[in-house]
Amino acid sequence: MSEPTTTTVDVNGHPCRVWTKGSGPKIGFLAGFGGLPRWIPFLDHLAESRTVVVPSMPGFPGATGHNILDTHLDWLVATRTLLEKAGLDGADLAGSSVGASFVAEIAALWPQSVRRIAMIAPFGLFDEKDPATDVWAQRAEDVPGLLCANGEIYKEMKAMPAGANSVEWPIEQTRAAEAAARIFWPLGNTKLERRLPLITAPTLLIWGEADRVMPRSYADRIAKAIPAGAKITTIVGAGHLAELDQPEAVAKAVLGHMG
Amino acid sequence: MKLMWFHLMPYTELPEDFRDKHPSVWVDIHSSLFDPKRAHHMYNDFMDEMEFAADCGFDAICCNEHHSNGYGLMPSPNLIATALARRTTDTAICVMGNSLALYNPPTRVAEEFAMIDCISGGRLIAGFPVGTPMDTTFAYGQNPSMLRERYLEAHDLVMRAWQEKETFAFNGRFNQQRYVNIWPRPIQQPHPPVWIPGGGSVETWRWCAEMDYVYCYLSYYGYKAGQATMQGFWDEMDRLGKDRNPYRAGFLQFVGVAESHSEAMERYAEAAEYFYGRCLHVDPRFASPPGYNTEATMRAGLESQVKRAAEEATRAPSEQAQAGHNKPKDQLAGVTTGTTAGTRFNMVARNMEDIVERGYVVVGSPKDVAEQLEHVAKTLNVGHFMLLLQYGNMSKDLTKYNTKLFAEQVMPKLKPLFSEWEDRWWPKPMEKSARAALPAFRPAAAE
């Protein structure tokens, strides 16, 4: 697994990391809950046939500036700016969890800015009869097993690498959880459902079979709200962050959809 | 010094197996444990106790705000304070306080505090806590990432609402109001004294110094655990060139007075063990929502951990063994601290011997207690003691016994402390002769 190229773009005066790797048509990826403190195998699978571009949203690892975003409109504009500056305008766009919610938003509000989209268990909805799990009210030791079918994978991704700053590394991980909270507290409901009818891009929904955060019923609600519908693919042996549990299978589904 | 009588208003009938059968005293404590008809008696007993404390000569009676909480039955301390304003005459009324970010619009706080100040004839102390994570982010659903920014903005709005003479527009980041003009207005000018309960963050200390507010350290873990925090506060005051006026600070302490130490241990064990065993049983999943602690506070905590680890590593193995190397670090000194509420809850001592040993509760004969508290006051340099003389399931009789004995035999020994300093942060009520006379309470039907 080789390292990607790292560049930085400016969003509202704050730096946001952008990783790039591979060749071929571009595909963007917006990370899920907790962000990406390090490169992951899933991105390598995408990079085998595409130029994969991974911009980090404000407050997620590699980026700051979440704490000046007060409203959902602030977040939408910041994300749109980030994608443009990362060179993803008009490209295929994928995302997971928190990031997937913004894939849907961008596709709904700026339909010309995306080609095809893929979303892994997006945030943005809440159903009282089938509630999403409160990802913030958790004991630290329960978080890995909540987010991944195999919690060890999440733990490894979040473990401090040798030589990292032992003060700043844990702060960066907390900041990622805070940034997600800033957008989605307390229920995860941004009323995304109202904007889903604006989506025109061909849409793939991916759901980990063992997702303990986002109920599977949300996939059907989302697909139903998109006028052209959406294809739903279930990934065996995967939790909420399916791309961590089953990198190859998720990458295959995404690439298959993007064509 | 000022001796203030504080009530948390705990629900006193949590079951004995509460810790085993229920995950948390806070946030999702089960409604089946609450009997409103029993609470009727609890509220009335508690308010009797506060009025009794005022009669006994305590300088202030204090109440506070909690939500969805089995040890704090005051979602609205302002209701209690108002009732007390009508049943007391000279005692200061300390509302410790209103969690500013929870009020929409925050001018509600300016209005209600102004009402209490008017009704009481200017006896209000206005406390402005951020509020715990359990209260604010979970029970009240506030965003932890915006809580402090909202708090600070609400503070600015309330202070302007109290002081500006003309109707004004407030164009805040989170609050926008075209017409801010509160009626009533506070008696105390330019505003009631403002007290800030806080943890040990440097930002809060600096802000209190800059605004000239009282900083209060309200910990349930007593003077031993409070020492480092208060030391930090005074060091920061020195750095900022502020004087060491002990009335800049307030400190919470549990106390149990009896004829002797052994009698006090016996009398107060049940109530103390009830409080530390059942009332502080908080599910750690509610203790640390991301963003609640500022990054500066996290950084300071992590840096001190790293420093401590480095110091440990350079010590000889024999020294490490002597220092109790295998124990959790925060227990080494026999105190209860910790970087988050969650780590503190996990380390709480729960039996009377340990509770007293760690200094959570100061117990003894009046002479013992006076000596211990004098030592605490001088060591921590605090001029305002907020005393918990009722805690846990302590009965009304025992509460009154504790209160009376303290007032008669401990208070006189402590009152003269710090007489060389002026308390610039104490309420300035109307002249007594100008204040409304409160009629003796008699139900109309009895006339």
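Quick caveat, the model's predicted, so the values are computed rather than measured. (Residues numbered from 1 in each chain as written. Chains lettered and ligands numbered in written order. Predicted model: local features only at pLDDT ≥ 70, side-chain atom pairs only at ≥ 80, totals over all residues.)

A.B. asks: I tried to follow the overall build of chain A on my own but got confused; where do I start?
C.D. replies: Within chain A, the secondary structure is distributed over nine helices and eight strands. Summarising its shape, the C-alpha atoms of chain A cover approximately 50 × 40 × 35 Å along the three principal directions. Considering only contacts within chain A whose residues lie at least 6 apart along the sequence, 75% involve residues at least 24 apart. (Helix = DSSP H or I, 4+ residues; strand = E, 2+ residues; numbered from the N terminus. Contact = placed C-beta atoms within 7 Å.)

A.B. asks: It is not clear to me how the overall build of chain B should be interpreted in this structure. Could you clarify?
C.D. replies: In terms of helices and strands, chain B carries 15 helices and 11 strands. Relative to its length of 447 residues, chain B is compact, with a C-alpha radius of gyration of 22 Å against a globular reference of 22 Å. With respect to the principal axes defined by its C-alpha atoms, chain B has extents near 70 × 50 × 50 Å. By residue count, 49% of the 447 residues in chain B fall in the buried class. Restricting to contacts in chain B with at least 6 residues of sequence separation, those with at least 24 account for 78%. (Rg over C-alpha atoms; globule rule 2.2 N^0.38 Å. Buried ≥ 20, exposed ≤ 12 C-beta atoms within 10 Å, placed from the backbone.)

A.B. asks: Could you clarify how one ought to interpret helix H15 (residues 396-414) of chain B in this entry?
C.D. replies: Residue and element names in this part refer to chain B. At Ala407, H15 is bent by approximately 45°, the largest bend along its length. Looking at H15, one finds that the buried residues are Thr399, Asn402, Thr403, Leu405, Phe406, Ala407, Val410 and Met411. Where the residues of H15 are buried, they touch strand E1 (2-6), helix H2 (36-56), strand E9 (249-257) and helix H14 (366-380). (Bend = angle between axes of the 7 residues up to and from the residue.)

A.B. asks: Would you take a moment to explain the nonpolar core for this structure?
C.D. replies: Buried together is how nonpolar side chains tend to be arranged in soluble globular proteins. Ranked by size, the top nonpolar core spans 126 residues in total, and within it B:Met4, B:Ile61 and B:Ile93 carry the most contacts. Ignoring any residue separated from it by four or fewer positions in sequence, one finds B:Met4 in contact with B:Phe58, B:Asp59, B:Ala60, B:Cys62, B:Cys94, B:His384, B:Phe385, B:Met386 and B:Leu387. Counting residues in each nonpolar core, the second largest holds 90 residues, with A:Phe29, A:Met57, A:Ala104 and A:Leu241 among its members. (Core = buried A, V, L, I, M, F, W, Y, C linked by C-beta atoms within 7 Å.)

A.B. asks: Even after reading the chapter, I still don't get the environment of B:His67, so can you show me in this structure?
C.D. replies: Residue position: B:His67 is located in the loop between strand E2 (60-63) and helix H3 (77-85). Ignoring sequence-local partners within four residues, the contact set of B:His67 consists of B:Pro75, B:Asp135, B:Ala139 and B:Tyr140.

A.B. asks: Looking at this structure, I do not really get unusual backbone geometry. What am I missing?
C.D. replies: As a rule of thumb, non-glycine residues mostly have phi less than zero, and peptide bonds are mostly trans rather than cis. Backbone torsion omega between A:Trp185 and A:Pro186 reads -5°, so that peptide bond is classified as cis. Relative to the elements of secondary structure, A:Pro186 occurs in the loop between helix H6 (168-184) and strand E7 (203-208). Backbone torsion omega between B:Asn104 and B:Pro105 reads -5°, so that peptide bond is classified as cis. Within the secondary structure, B:Pro105 is located in the loop between strand E3 (92-95) and helix H4 (107-120).

A.B. asks: Mind showing me how you'd approach the packing of helix H2 (residues 72-85) of chain A against helix H3 (residues 97-109) of chain A here?
C.D. replies: The relative placement of two packed helices is expressed as an angle between their axes plus a distance between the axes. Residue and element names in this part refer to chain A. Running from amino to carboxyl end, H2 crosses H3 at an angle of 85°, the nearest separation of the two axes being 10 Å. As summarised for this structure, H2 and H3 are arranged roughly perpendicular, according to the angle between their axes. Residue-level contacts link Leu76, Thr79, Arg80 and Leu83 of H2 to Phe102, Glu105, Ile106 and Leu109 of H3. (Axes fitted to C-alpha atoms, helices over the stretch in contact; angles between N-to-C directions. Parallel < 35°, antiparallel > 145°, perpendicular 65-115°, else oblique.)

A.B. asks: Before we go on, may I ask you to explain the pairing of strand E11 (residues 384-388) of chain B in this structure?
C.D. replies: The side chains of a regular strand alternate, residue by residue, between the two faces of the sheet. Residues and elements named next belong to chain B. Of all five residues making up E11, five are buried, and the element is well covered by its neighbours. Of the two faces of E11, the one lined by His384, Met386 and Leu388 and the one lined by Phe385 and Leu387 are each fully buried. Pairing of E1 with E11 involves four bridges; the strand directions are parallel. Residue Trp5 lies in a different strand from E11, and its bridge partner there is Leu387. Bridge count for E9 against E11 is five bridges, and the pairing is parallel. (Pairing = 2+ DSSP bridges.)

A.B. asks: Sorry, what's going on with the domain arrangement of chain B here?
C.D. replies: Frequently, the measure chosen for interface size is the accessible area removed from exposure when the parts meet. By domain assignment, chain B separates into domain 1 (2-290 + 349-446) and domain 2 (294-339). In this structure, domain 1 of chain B and domain 2 of chain B have C-alpha centres spaced 31 Å apart. (Domains from an automatic or database assignment.)

A.B. asks: Sorry, what's going on with the environment of B:Lys432 here?
C.D. replies: All names here are of chain B. One can find Lys432 in the segment after H15. What makes Lys432 exposed here is the crowd of 9 C-beta atoms within 10 Å. Expressed as a C-alpha distance, the spacing of Lys432 and Glu111, which sit 321 residues apart in the sequence, is 24 Å.

A.B. asks: So what exactly am I meant to see when it comes to the sheet that holds strand E3 (residues 26-30) of chain A here?
C.D. replies: Adjacent strands of a sheet form backbone hydrogen bonds with each other and so pair up, either parallel or antiparallel. Residue and element names in this part refer to chain A. Across the sheet, which stays open at both edges, the eight strands sit in the order E1-E2-E4-E3-E5-E6-E7-E8 with mixed pairing between neighbours. Only two strands of the sheet have a single partner each, and these edge strands are strand E1 (5-11) and strand E8 (231-235). Recorded for the sheet is a direction-independent mean angle of 20° between the axes of neighbouring strands. Note that strand E6 (residues 114-120) and E7 share four bridges and pair parallel. Paired with Ile120 across the bridge in E7 is Ile206.

A.B. asks: Honestly, the pairing of E7(A) in this entry has me stumped. Any pointers?
C.D. replies: All names here are of chain A. Of all six residues making up E7, five are buried, and the element is well covered by its neighbours. Alignment of E7 against E8, held across five bridges, turns out to be parallel. Bridge pairing links Leu205 to Ile232 in E8. One crossover worth recording links E7 to the parallel E8 by way of helix H7 (residues 217-225), and it is right-handed. (Right-handed = clockwise from strand over helix to strand, strands pointing away.)

A.B. asks: It is not clear to me how the packing of H14(B) against H15(B) should be interpreted in this structure. Could you clarify?
C.D. replies: Residues and elements named next belong to chain B. Their axes nearest at 9 Å, the elements H14 and H15 cross at an angle of 45°. One way to sum up the angle between H14 and H15 is to call them oblique. Note on packing geometry: the crossing formed by H14 with H15 is right-handed. Every residue of H15 that contacts H14 at Pro366, Val369, Ala370, Leu373, Glu374 and Ala377 is listed here: Leu405, Gln409, Val410, Lys413 and Leu414. In terms of residue class, the contact of H14 with H15 is made up of eight nonpolar, one polar and two charged. (Left-handed = near helix turned anticlockwise from the far one by under 90°. Nonpolar A, V, L, I, M, F, W, Y, C, P; charged D, E, K, R; others polar.)

A.B. asks: Help me understand the confidence of the model for chain B in this model?
C.D. replies: Any segment with low pLDDT has predicted coordinates that should not be analysed in fine detail. Here chain B averages 92 in pLDDT, while 91% of its residues score no lower than 70. Counted against residues more than four places away or in other chains, residues 319-333 of chain B, with its pLDDT under 50, gives 12 contacts. (pLDDT = per-residue confidence, 0-100.)

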